[in-house]
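# Observations on chain architecture
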Amino acid sequence: MFIPFFLKLRQAKVPVTLREFLSLLEGMEEGIADYDVEAFYYLARTTLIKDERFIDRFDQVFADYFRGVEAISGNADGEAVEPTAIPDEWLRKLAERHLTEEERREIEALGGFDKLMETLRERLAEQKGRHQGGSKWIGTAGTSPFGAYGYNPEGVRIGQETSRYRRAVKVWDRRDFRNLDDGVELGTRNIKVALKRLRRWVREGAAEELDLSGTIRSTAEHGYLDVQTRPERRNAVKLLMFFDVGGSMDDHIRVVEELFSAARAEFRHMEYFYFHNCIYEGVWKDNRRRRVDITATTDLIRTFGPDYRVVFVGDASMSPYEITQPGGSVEHWNKEAGETWLARMTGHFRKCIWINPVPENYWGHTTSISIIRRLMTDRMYPLTLGGLEKATRELSR
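Notes on the structure follow. Quick caveat: nothing in here was measured; it's all calculated off a predicted structure.

### Overview of the packing of aromatic side chains
Scanning the model with the defined rule gives 18 aromatic pairs in all. With 5.9 Å between their ring centres and 75° between their planes, Tyr 272 and Tyr 274 make a pair best called edge-to-face. In terms of burial, Tyr 272 and Tyr 274 fall into one category: buried. Aromatic rings pair up to connect Phe 5, Phe 40, Tyr 41, Tyr 42, Phe 58, Phe 62 and Tyr 65 into one cluster. Directly above the ring of Tyr 272 sits Lys 285, whose terminal nitrogen or CZ lies 3.9 Å from the centroid. The side chain of Lys 285 reaches across the aromatic face of Phe 273, ending 5.1 Å from its centre.

And the structure:
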């Protein structure tokens, strides 16, 4: 079982050698780390890693390969038992709280964003240990507003990889989003046709193409072939697009990538940025560096003129606090409410719209969509061909 582990270390560019691997096996034969995962970890790290620069990479490979292995030293009689690998996700699934629809309706929220944050501060100060299955403390598989793998109408998600009910007001975990693919071709043809409505052609720059009618007219006037040229027609529309990524937008990646790809192909003057759920004080170009390479929203307003057409693409599905409250962002503490930043953007740019991949007949069932739609003065359109035609017609006015 250790050979694949050794090969994974090599794949991760950890410089381990066969001699070091044999030393690890010798240590195992001597019983240094029998039935103890922690002891095996230190034995493996000591024998295989000779340069501290590779410890972090070793830890990542070790955690991925040996995920779910439990350390068992013996039974109640003191007799050694065979070690058993129990996948971590199995244990987690056993602990998850699954409630019926009636049981969920009986669970009440704390009563507002400020109350939720105040209670969380109190719990952090009071709680001394791990809890599971309760309704008060920070823990797992319960109905408390704080923790993971349980249920509460409004809560703070802590220590859970993915969303289950999409009810969290805040998420205190590191989440990684992937960039949209601008090379997607399948399904983009019709979107390109719809986007052509937004084109505004002008002639600019140096003379680059034959002016046939001008050449005929000039030749007739002068009596000899007088070739005339003119500047090439170019698409003069300037487009600024903002894409919501992560969370509930994972359900719409394919169609949003098609829109992204089509827009990149159709518009020469196009800039794009990413955001999560709502516009705040910063946006980013690369989701892999979204915590360190952020563009201030105020810089965007100063850099791009009011003549840019602005398109927000997102499902607008979030906690209403993320739009209306300072500190309401699900991932960080924003000093100003999302609606404040959205008002600044729509106030600076003359032409702004919001494209929503959620089917239009569902919009009325989500409070946050109604709020965003009101802030955009009803300039929200579904991500359909008909919706895109209406959207481009609005931007072309």
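### Comments concerning the nonpolar core
Residues Leu 240, Phe 242, Ile 279, Phe 312, Phe 349, Trp 354 and Ile 372 are the most contacted members of the largest nonpolar core, which totals 30 residues. Secondary-structure elements contributing two or more residues to this core are strand E8 (238-244), strand E9 (269-275), helix H11 (297-303), strand E12 (309-313), helix H13 (338-348), strand E13 (351-356) and helix H14 (367-375). Excluding anything up to four places from it in sequence, Ile 372 contacts Ala 316, Ile 323, Leu 342, Trp 354 and Met 380. If you look at the next biggest cluster of nonpolar residues, it comprises 27 residues, including Val 245, Met 270, Tyr 381 and Leu 395.

### Details of the pattern of salt bridges
In the structure shown here, the tally under the stated rule is nine salt bridges. We note a salt bridge from Asp 286 to Arg 288, for which the minimum N-O separation is 3.2 Å. A relative accessible area of 67% places Arg 288 in the exposed class. Residues Arg 302 and Asp 299 are paired through a salt bridge, measuring 2.3 Å at the closest nitrogen-oxygen approach. Highlighted residues: Arg 302 and Asp 299, both in helix H11, separated by three residues, approximately one helical turn. Residue classification places Asp 299 among the partly exposed residues on the basis of a relative accessible area of 32%.

### Re H13
Buried within H13 are the following residues: Gly 338, Trp 341, Leu 342 and Met 345. One side of H13 carries all its buried residues, which in axial view fall inside an arc of 100°.

### Here we look at the environment of Leu 385
Within the secondary structure, Leu 385 sits in helix H15 (residues 385-395). Residues Leu 385 and Ile 191 lie 194 residues apart in sequence; the distance between their C-alpha atoms is 6.5 Å.

### Topic: the pairing of E13
Within a regular beta strand, the side chains point alternately toward one face of the sheet and then the other, so they alternate between its two faces. For E13, the tally of buried residues reaches five of six residues, placing the bulk of the element in the interior. With five bridges joining them, E12 and E13 adopt parallel strand pairing. Paired with Val 313 across the bridge in E13 is Ile 355. Across three bridges, the pairing between E13 and strand E14 (residues 380-382) is parallel. Each residue of the ladder has a partner; that of Trp 354, found in E14, is Met 380. Since E13 and E14 lie parallel, the crossover through H14 that links them has a hand, and here it is right-handed.

### Section: the side chain of Arg 379
Topologically, Arg 379 is positioned in the loop between H14 and E14. Although Arg 379 is buried, it makes no salt bridge; Glu 394 carries the closest opposite charge, 5.0 Å away. Reaching out from Arg 379, the side chain makes a polar contact with the backbone oxygen of Met 376 at a distance of 2.9 Å. Leave out the neighbours within four places in its chain, and Arg 379 touches Thr 346, Arg 350, Cys 352, Ile 353, Trp 354 and Glu 394.

### A short note on the pairing of E8
Counting buried positions along E8 yields six of seven residues, so the element is predominantly enclosed. As paired elements, E8 and E9 share seven bridges and run parallel to each other. Its bridge partner lying in E9, Leu 240 is registered against Glu 271. Read as a crossover between parallel neighbours, the route from E8 over helix H10 (residues 253-266) to E9 is right-handed. In this structure, E8 lies alongside E12, joined through five bridges in parallel fashion. Counted as the bridge partner of Met 241 is Val 311 from E12.

### Here's the deal with unusual backbone geometry
In the Ramachandran plot, Ala 316 falls in the positive-phi region, its phi being about 55° despite a non-glycine side chain. With respect to the element layout, Ala 316 can be found in the loop between E12 and helix H12 (321-324). Ala 316 gets classed as buried once you look at its relative accessible area, which sits at 0%. A positive phi angle, near 65°, is found at Asp 378, a position not held by glycine.

### Some points on the environment of Trp 363
Counting through the fold element by element, Trp 363 comes out in the loop between E13 and H14. In this view, Trp 363 contacts Asn 356, Val 358, Ile 369, Ser 370, Arg 373, Met 380, Tyr 381 and Pro 382; residues no more than four positions away in its chain are not counted. Within the structure, the side chain of Trp 363 is placed 2.8 Å from the backbone oxygen of Val 358, a separation counted as a polar contact. A polar contact is formed between the side chain of Trp 363 and the backbone oxygen of Pro 359, at a distance of 3.5 Å.

Parameters at a glance
Residues numbered from 1 in each chain as written. Predicted model: local features only at pLDDT ≥ 70, side-chain atom pairs only at ≥ 80, totals over all residues. Heavy atoms only, no water. Phe/Tyr/Trp six-rings, centres within 6.5 Å; stacked < 30°, edge-to-face > 60°. Buried < 20%, exposed > 50% of the residue type's maximum accessible area, 1.4 Å probe, protein only. Lys NZ or Arg CZ within 6 Å of the ring centre and 35° of its normal. Core = buried A, V, L, I, M, F, W, Y, C linked by side-chain atoms within 4.5 Å. Helix = DSSP H or I, 4+ residues; strand = E, 2+ residues; numbered from the N terminus. Contact = heavy atoms within 4.5 Å. Salt bridge = Lys/Arg side-chain N within 4 Å of Asp/Glu carboxyl O. Arc of directions from axis to C-beta. Pairing = 2+ DSSP bridges. Right-handed = clockwise from strand over helix to strand, strands pointing away. Lys, Arg positive; Asp, Glu negative; His and termini not counted. Polar contact = N/O pair within 3.5 Å; in protein donor to acceptor, adjacent residues only side chain to side chain.

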